[in-house]
Structures are given as C-alpha cells and as structure tokens.
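Summary of structural features
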Amino acid sequence: MQEIELKFLVPELRLKGLMRQAKVKSSQVTQLAAHYYDTPDQQLAQAGIGLRIRQEGDAWVQTIKAGGDGIAARLEHNLTLNNEQVQAMLENNALMPDLTIYKDSLIAPALTDFKLKKLAKKLTRLYVTDVERTTRLLIEDTSDEVVNSIEMAYDYGEIIHGTDDTQRDAIQEVEFELIAGELDFLFTTAKTWCQRHKLCLSTVTKAERGGLLIKGQNYSSATAADLSILSINKKITMPAFLRALVHNCLLQILPNSSAIVASSKDDSHLLQLSIGIERLHTVLQAFDSFSDEIHPDWSAILQQTATLLADYRKLTHLSTHIEPMLQHHDAPIVDWTADIDAIKITPMTAISANDFQIMLLELIAFTMSNPSLEPQTDKLAINKLEKVLIKYYDKLLEAEQYLEDSHDDSNSELEEESIIKALHNLHAHLKNLCSISELVAPLYSKKKTKRWLKRAVKAQKALGQQLDMIDYQQYYQSKASSDSAALYAAGWLNAASIPIEKATEKHLDKFYDCSVFW
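Residues numbered from 1 in each chain as written. Predicted model: local features only at pLDDT ≥ 70, side-chain atom pairs only at ≥ 80, totals over all residues. Heavy atoms only, no water.

1. Considering the nonpolar core
Counting 127 residues, the largest nonpolar core has Phe-8, Phe-176, Phe-241, Phe-287 and Tyr-476 as its most contacted members. Element by element, the count of residues in this core is highest for helix α7 (residues 238-261), at 13 residues. Not counting the four nearest positions on each side in its chain, Phe-287 is found in contact with Phe-241, Leu-242, Leu-245, Leu-385, Val-388, Ile-436 and Val-440. (Core = buried A, V, L, I, M, F, W, Y, C linked by side-chain atoms within 4.5 Å. Buried < 20%, exposed > 50% of the residue type's maximum accessible area, 1.4 Å probe, protein only. Helix = DSSP H or I, 4+ residues; strand = E, 2+ residues; numbered from the N terminus. Contact = heavy atoms within 4.5 Å.)

2. Some points on a positive patch on the surface
Judged by side-chain charge, Lys-446, Lys-450, Lys-454, Lys-458, Lys-506 and Lys-510 come together as a positively charged surface patch. Every element with two or more residues in the positive patch is listed here: α15 (446-479) and α16 (486-513). With four residues, α15 is the single largest residue contributor to the positive patch. Mapping Lys-450 onto the fold places it in helix α15. Relative accessible area serves as the criterion here: at 61%, Lys-450 is assigned to the exposed category. (Patch = residues over 30% accessible without salt bridge, like charges linked within 9 Å, V, L, I, M, F, W, Y side chains within 5 Å. Areas by Shrake-Rupley, 256 points an atom, 1.4 Å probe, with all protein chains shown as cover. Salt bridge = Lys/Arg side-chain N within 4 Å of Asp/Glu carboxyl O. Lys, Arg positive; Asp, Glu negative; His and termini not counted. Charge placed at Lys NZ, Arg CZ, Asp CG, Glu CD.)

3. Structural notes on helix α9 (residues 296-328)
The end-to-end C-alpha distance of α9 is 48 Å, a good match for the 48 Å that 33 residues give at a rise of 1.5 Å each. Its axis deflected by about 45 degrees at Leu-318, α9 carries its strongest bend there. In the segment just after α9, Asp-330 is the residue with positive phi, at about 70 degrees. (Expected span 1.5 Å × (residues − 1). Bend = angle between axes of the 7 residues up to and from the residue.)

4. Quick word on the pairing of strand β4 (residues 59-67)
Of all nine residues that make up β4, seven are buried, and the element is covered over most of its length. In terms of strand pairing, strand β3 (residues 50-56) meets β4 through seven bridges, oriented antiparallel. Bridged to Leu-51 within β4 is Ile-64. Once β3 ends, the chain turns through two residues before running back antiparallel as β4, passing Gly-57 with a positive phi of about 70 degrees. With seven bridges connecting them, β4 and strand β5 (residues 73-80) associate as antiparallel partners. Pairing of Lys-65 across the sheet is with Glu-76, part of β5. Hairpin connection from β4 to β5: five residues lie between these consecutive antiparallel strands, with Gly-70 at a positive phi of about 130 degrees. (Pairing = 2+ DSSP bridges.)

5. A few points about unusual backbone geometry
Of note, the phi angle at Lys-198 is positive, near 55 degrees, even though the residue is not glycine. Within the secondary structure layout, Lys-198 lies in the loop between α5 (183-197) and β9 (200-201). Residue classification places Lys-198 among the partly exposed positions, given a relative accessible area of 34%.

6. Some points on the packing of helix α8 (residues 267-286) against α9
Where α8 meets α9, the closest approach of the two axes is 9 Å, and the angle between their N-to-C directions is 150 degrees. Classified by the angle their axes make, α8 and α9 are roughly antiparallel. Crossing of α8 against α9: the hand is left-handed. Between α8, through Asp-267, Leu-270, Leu-271, Leu-273, Ser-274, Ile-277, Leu-280, His-281, Leu-284 and Gln-285, and α9, the contact on the second element is made entirely by Trp-298, Ser-299, Leu-302, Gln-303, Thr-305, Ala-306, Leu-309, Tyr-312, Arg-313, Thr-316, Thr-320 and His-321. (Axes fitted to C-alpha atoms, helices over the stretch in contact; angles between N-to-C directions. Parallel < 35°, antiparallel > 145°, perpendicular 65-115°, else oblique. Left-handed = near helix turned anticlockwise from the far one by under 90°.)

7. What to know about helix α1 (residues 15-22)
All buried positions along α1 are accounted for by Leu-15, Gly-17, Leu-18, Met-19 and Ala-22. Summarising the contacts, the buried residues of α1 are in contact with β6 (124-141), β7 (147-161), β8 (168-180) and α5.

8. Overview of the pairing of strand β1 (residues 2-9)
When you tally the buried positions in β1, you get seven out of eight residues, the bulk of the element. Summarising the sheet, β1 and β5 pair through three bridges and their orientation is antiparallel. Pairing of Glu-3 across the sheet is with Arg-74, part of β5. In this structure, β1 lies alongside β8, joined through five bridges in antiparallel fashion.

9. Here's the deal with the packing of α7 against α8
Where α7 meets α8, the closest approach of the two axes is 8 Å, and the angle between their N-to-C directions is 155 degrees. The orientation of α7 relative to α8 falls into the category roughly antiparallel. The chirality of how α7 crosses α8 is left-handed. Every residue of α8 that contacts α7 at Leu-242, Leu-245, Val-246, Asn-248, Cys-249, Leu-250, Gln-252, Ile-253, Asn-256, Ser-257, Ala-259 and Ile-260 is listed here: His-269, Leu-270, Gln-272, Leu-273, Ile-275, Gly-276, Ile-277, Arg-279, Leu-280, Val-283 and Leu-284. Looking at the contact of α7 with α8 residue by residue, the classes come out as 15 nonpolar, seven polar and one charged. (Nonpolar A, V, L, I, M, F, W, Y, C, P; charged D, E, K, R; others polar.)

Structure representation (structure tokens):
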C-alpha cells in the first residue's frame, strides 16, 4: 500500500487556533505508544526505512515504511498483531518485529539489500514514542459520486531514547493523509490549513528524528543536489521532463528548509537551501514552455526568497568563516553581531512565510500530477533542449561582451562599479548554464558532457570565489566608516583577490576554448 501524506510543524502561536479546528465533536483522541527498531548502526534508516510496533488504542500494529512514488508518498505495510503474544513479549522485555511477513509482500523490493534472517538477529529497539493523536476526517462529496476523504492527525508527545529515558525530543506536528479520492483534494485542503494556521512543511519523519536522538543530533546533515537519482531518458516527454527536474530540485530544498523552520542555524543548511532555490528558479525559467501548469508566481517567490537568504548568508559567513580566517592572519577583530541582528528577515522567517510554503505545496503537487494529461505530452524533451542550451549559451557570450565593454569606461570609479556589475552578470549566466547542463547531461554523450561540464563548473566556481572576495572586501570597506579595525581586513582581502582573479581568467579561457556538447 502507498501512503500519501503531508506533514507540517505547528507554530506555538497558532496551536490554539489549530486545536479548535482539530478537536471537533467527530474527532477522536488516541494514545500511541510506538517501539522503533533498527540495527545499532541504523542500516534501515540509511536505506530510508522505518520499522515499528505501535499500540493504537487496544490494538498492536507492526508497520514498515519506505520510499514511495513521489515526494509526499511512502510505501507502507501494516499488520495487526496478536495481543496476547505481544503482552507476553512485553512482560519478558522481548518485543521484536517479525520480518518473515515481508518476504512476498509489496514492501519486499525495499528490503532487497537485506537478508531478512540476518537482519532480524541484529535488530534492537533504539527509541520509543509516546504520542497523543487527535484525528478527524475531512470529507468532500463530489458531483461525480467520488468521495474525497482525508485524515487530519495532530500529534503531541515525545520521542524517548531506548536505553536512556532522560534523552527526549518533543513532537508537535500535524499530518494530512489521503484516505480516498483525488490527490488534488489533499493539496487543496493542506493549502487551506497552511494559510489559516501558518503551518510549515517538514520532511522529517518520527523515525528520522528518533535516529537523530540516538546520535545526539538535532538535525540531519545538509542535503546537496543529487543528480544520480534524476530519472530521465531520451524518450521522456516535455511535461514529464520538467516534473523530473522540479522533483530533483525539491529533494534538495525540502530537507534543508525543514531543518531551518525547525530552528537550525547551521550554515550548511542555508547554503544548500539557497543553491536548491537557485537551481529550481533556473529550471522554471529555462523550461517554462515545457508545461502548461507552471504558475507565474513561483519564479517571483523563489527569486525574492533567494535575495533575502543571500543577504543573511553573506553576513553570517563573514562572522563564522572570513573573520576567523583574517584573525589567523593577525587582523584586528571586527564584530558583525550587531549587523546580523539588524537584519529583520532571518532565514526562518523567509522560509516560514506563507507564500513560500504554499508554493512548495503547489510544486509538490505539480511533480505528482499526471504529465500525460497535458497537451504537449506527445512532444519529446530532447527535441527542444538544444534550443534552450543555445539560448543560455548566447546569453553568456553577451554577458562576456558586456564585461569587455565595461573595461572601456573612462571614469575609473564608474569603471570599477561597472566591471563588478558585469562580473556578477557573467557569473549569473554561467551558473544558470551550468545548472541546466548538469540536468540535461544524461541525454547527451557522456564523454563530451563530462569534459565540458568539468571546465564550466571550474570556471563558475572560480568566478564565484572572486566575486565573494570582492563582496567581502566591500563589506569591510563599508564597516570601516564605523570601525577602523575593518580597514586592515579590507586591504588584506583586496590583495588576496589578485591571484584569484588571475585563476578565474585562466579557467574562463579554458571554458571558452571547449566545444559545446550539444
């Protein structure tokens, strides 16, 4: 069976309002006590599998979950256990799941990397959850006699370490699971509740949170782009191709945004989220003609969010990375705390914003929608890609020409400003071209794309590093008006940028000399 659900974190200020909607006359309250199992080194968790035995009212149910077909979908297998046998095992502290039931089940493919008998011997109870679940059924009767049904479940409780009950993590989340009917009803309902109660999407399962508790961590590591899981081929249609690309971008965005709305201040989460947002923005801009279902607001929201994140990320990077590096080179201390605190919109507020969360829901719905229902479903993506690549390559060459023209400005001060602007313009176009090329590479010659991408990515990274040094130098130069200690850093960064500039020119020259792969 495939479970399709959306999970949200509930802001404390919105909890009372949400509870008024959750605790109606028809709602039910159930105590859920769950025991979660894995190997000591969490092999199941690493494979994206969760295994538990849970008391649900008077019944005990063994459940296993694994990755499903879509971002909001998971494979799920449930088996109601014999109560007397469970009680006997509990009395002997020997409650363990039975893995033999999965041998010929629909969940079997998710366990192909494991030998079930060997796995059963390694299993141990790592953690337990103690949750009060409030559920209500949301039903819509449609004119075509199809009944749309969703279970809304609000969970409140905690995760408890399996061998040390002093280690606990609070649970306060709401889930919407499609029971019957159309997928659109799930997303429409979730959007309504999201707007009303300012909910924030979370991809972190209870099993994952339990695993983090065992490791003594608050958040999972930042998620980078993974192009190896991008499933496309030369026969893929235009609408299906765009859905695959958006899906790949969301797999980078959602885990990092989930960590940030859960209060992570880790630079790596912010960096990878920013990269994911920029990739997605580029995809929607480059391939907007591949689907009739692209919402025009998505690109605007992504661009606005990226700008807000960039301002914060620059300052925090100055404080956590550049400043320690400068002090290592005997630079006087410059304190950026007040500057960071002065930023009104933090990453959490930017990502928690209703328009951003609603957009994420719409994008998930888009990736899970049927591409064959679109008018262009008979058109192959491969036939349109060269036109897109040429368009973005030509934009890059125009940006390079603009940079060369900027050097001809007679006013030295204006020339410097013009050159920096031209460099940023060139970097933006090169980054866009790299993102697009990495995504379409599986449809072209591996040898040609590998060589071209290697040079393109090196040039893009070198130019990005050069621009970062310029930006940091400007930050310190501006800071010097109120803190003279910043002058040393401004001068040092200016000198350090010279060899980086030369390296960038070298990488760009090699890139321009390389034949394109399309």
